[in-house]
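# Descriptive analysis of the structure
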Amino acid sequence: MDKKKEIPIWEKYALTVDEATVYFNIGENKIRDLIREPDCEFVLYVGRKALIKRTVFEDFLSKTDVV
């Protein structure tokens, strides 16, 4: 029997864009705009799939006043 382990969202290293919208309460379009920036340090691409490095994005948000 192959059981998939479910990791709580707050313990994950990287979040999908959908998970990030829920976790950070920021809209999908805004997150996608942010990860398109050339100096974006919190995005990780797995193929074409964009993942958000949770703690790096948290640091980014804590240092900014406007998103």
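For the structure itself, look to the data block above.
All values derive from a computational prediction rather than experimental measurement.

What counts as what
- Within each chain, residues carry numbers counting from 1 in the order of the written sequence.
- Totals for whole chains, interfaces and linings use all residues, but because this is a predicted model, local features are given only for residues with pLDDT of at least 70 and pairs of side-chain atoms are given and counted only at 80 or more.
- Hydrogens and water molecules were not included; the side-chain quantities draw on all heavy atoms of the structure.
- For two strands to count as paired, DSSP must find a minimum of two bridges between them.
- For the purposes of this entry, the term helix denotes a DSSP run of H or I that reaches at least four residues, the term strand denotes a run of E that reaches at least two, and both are numbered from the N terminus.
- Between the N-to-C directions of two axes lies an angle of 0 to 180 degrees, each axis being a line fitted to C-alpha atoms and, for a helix, fitted only over the stretch in contact.
- Classification of ring pairs rests on two measures: the distance between centres of Phe, Tyr or Trp rings, Trp counted by its six-membered ring, which must be within 6.5 Å, and the angle between planes, read as stacked under 30 degrees, edge-to-face over 60 and tilted in between.
- Partly exposed describes any residue whose relative accessible area lies between the buried limit of under 20% and the exposed limit of over 50%, with all areas from a 1.4 Å probe on protein chains only and scaled to the type maximum.

## Quick notes on the sheet that holds strand S3 (residues 49-53)
- Taken together, the three strands give an open sheet; going across it, the order is S1-S3-S2, and neighbouring strands pair in antiparallel fashion. In this open sheet, the two edge strands, each paired with only one partner strand, are strand S1 (14-16) and strand S2 (43-46). Strand-to-strand twist across the sheet, computed as the mean angle between neighbouring axes with direction ignored, equals 40 degrees.
- As judged from the four bridges shared by S2 and S3, these two strands associate in the antiparallel manner. Looking across to S3, one finds that Leu44 is bridged to Leu51.

## Thoughts on the packing of aromatic side chains
- Under the defined criterion, the tally for this structure stands at five aromatic pairs.
- Their ring planes at 90 degrees and their centres at 4.7 Å tell us that Phe24 and Phe57 sit as a pair that is edge-to-face. With Phe24 in helix H1 (residues 17-24) and Phe57 in helix H3 (residues 54-62), the pair connects residues that are 33 residues apart, well separated along the chain. Summarising the burial analysis for this pair, Phe24 and Phe57 share the class buried.
- Seen from their ring centres, Phe42 and Phe57 are 4.6 Å apart, and the 50 degrees between their planes marks the pair as tilted. Of this pair, Phe42 sits in the loop between helix H2 (28-35) and S2 while Phe57 sits in helix H3; the two residues are 15 residues apart in sequence, bridging distant segments of the chain. Phe57 carries the same exposure label as Phe42, and that label is buried.
- An aromatic cluster of three or more residues is present, and its members are Tyr23, Phe24, Phe42, Phe57 and Phe60.

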